[in-house]
Amino acid sequence: MANTSRIRGFMPVGKLGGAPYTGSVQEFIIIGANEATAVFIGDVVEYGAAGGAAGLQIGGRDMEGVPSVVHSNNTTAADGLAGVVVGFIQDEALPKKYNPVSTNRIVLVETARDVVYEVQEDGVGQNIAAADIALNIAMVSGAGSTVTGASAYAIDSSDTATTSTYPWRLLGLVKRPDNNYGASTTDLAKFLVVMNTMNPVAV
């Protein structure tokens, strides 16, 4: 039976050592003038160049000095990554499940390096095989859904290596009856990964 393709980016499902995911997140801001890409839940973000300026208000809240993040296209580098978007602070002026281009927004980011995520392979070039487990892996970005707010990020099936700077470590196949190693560009499997900490995070 083929796997069902359903790309939703990186979804936190637990922690290293087997502990459940507790949902502890940090508030950041997206500064619209510095963000030319829409941001979705499950996207990977990196640290922005500056925090909130004096007097910056978002959704009626004072965001002065709050650190910022931007959508990450650092598909083969862990350096500078802040974490994964898990939600947005909603307000009446912007009742959306994603953040549109060039829009100020308060964003909730999972920053802990021991969080385990479920993510789908992209299946381009080849599928992930048993020999790839425990290697580091690159990711691919994409435009998410403006209806569901879900990310289109995936892991790069054809780019696993021992390279220490790659952003993710491949832990294993998600063990469910409906998930097996993929066999084609349309038969795509879900895997467990953790953010690679071998390369220190730089701001």
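Note that the coordinates shown come from a computational prediction; the quantities given were computed from them, not determined experimentally.

**Student:** Can you help me understand empty space enclosed by the protein in this one?
**Tutor:** Empty pockets left among the atoms are what a rolling probe the size of a water molecule brings to light. For the coordinates displayed, the defined rule picks out one cavity of 30 Å³ or more. Approximately 40 Å³ is the volume attributed to the largest cavity. Lining the largest cavity, in full, are R6, R8, G9, M11, E118, V119, Q120 and K190. Residue contributions to the lining of the largest cavity peak at three residues, all from strand β9 (residues 115–120). Partitioning the lining of the largest cavity into residue classes produces two nonpolar, two polar and four charged.

**Student:** Looking at this structure, I do not really get the environment of S72. What am I missing?
**Tutor:** If you trace the backbone, S72 turns up in the loop between β6 (69–71) and β7 (81–88). S72 sits 24 residues away from G48 along the chain, and the two C-alpha atoms are 9.9 Å apart. Reaching out from S72, the side chain makes a polar contact with the backbone nitrogen of N74 at a distance of 3.1 Å.

**Student:** Please clarify how the sheet that holds strand β8 (residues 105–110) should be interpreted in this entry.
**Tutor:** Through backbone hydrogen bonds, the strands of a sheet pair up, either in parallel or in antiparallel fashion. Spatially, β2-β8-β7-β3-β6 is the arrangement adopted by the five strands of the open sheet, whose pairing is antiparallel. In the strand order of this sheet, the two ends are held by β2 (26–30) and β6, each with one partner. Going from strand to strand, the sheet's axes swing by 50 degrees on average, the running direction of each strand aside. Alignment of β7 against β8, held across four bridges, turns out to be antiparallel. Paired with F88 across the strands is V107, a residue of β8.

**Student:** Looking at this structure, I do not really get the packing of aromatic side chains. What am I missing?
**Tutor:** For any pair of aromatic rings, the description consists of the separation of the ring centres together with the inter-plane angle of the planes. Scanning all chains against the criterion turns up seven aromatic pairs. Where F40 meets Y98, the ring centres are 5.2 Å apart and the plane angle is 10 degrees; that geometry is what we call stacked. Taken together, the positions of F40 in the loop between β2 and β3 (44–47) and Y98 in the loop between β7 and β8 put the pair 58 residues apart, joining distant regions of the chain. You can call F40 buried: its relative accessible area is 3%.

**Student:** Teacher, can you tell me more about the sheet that holds strand β11 (residues 154–161) here?
**Tutor:** Overall, antiparallel pairing links the six strands, which are arranged β1-β9-β13-β12-β10-β11 in an open sheet. Pairing within the sheet leaves two strands with one partner each, and these edge strands are β1 (11–15) and β11. Going from strand to strand, the sheet's axes swing by 45 degrees on average, the running direction of each strand aside. Where strand β12 (residues 168–173) lies against strand β13 (residues 190–195), five bridges are found, and the strand directions are antiparallel. By the bridge assignment, L173 is partnered in β13 with F191.

The rules behind the values
- Residues numbered from 1 in each chain as written.
- Predicted model: local features only at pLDDT ≥ 70, side-chain atom pairs only at ≥ 80, totals over all residues.
- Heavy atoms only, no water.
- 1 Å grid on protein atoms, 1.4 Å probe; cavity = no way out; pocket = protein on both sides within 12 Å on 5 of 7 lines; lining within 4 Å.
- Points joined across faces, edges and corners; volume = space filled by probe spheres on them.
- Helix = DSSP H or I, 4+ residues; strand = E, 2+ residues; numbered from the N terminus.
- Nonpolar A, V, L, I, M, F, W, Y, C, P; charged D, E, K, R; others polar.
- Polar contact = N/O pair within 3.5 Å; in protein donor to acceptor, adjacent residues only side chain to side chain.
- Pairing = 2+ DSSP bridges.
- Axes fitted to C-alpha atoms, helices over the stretch in contact; angles between N-to-C directions.
- Phe/Tyr/Trp six-rings, centres within 6.5 Å; stacked < 30°, edge-to-face > 60°.
- Buried < 20%, exposed > 50% of the residue type's maximum accessible area, 1.4 Å probe, protein only.

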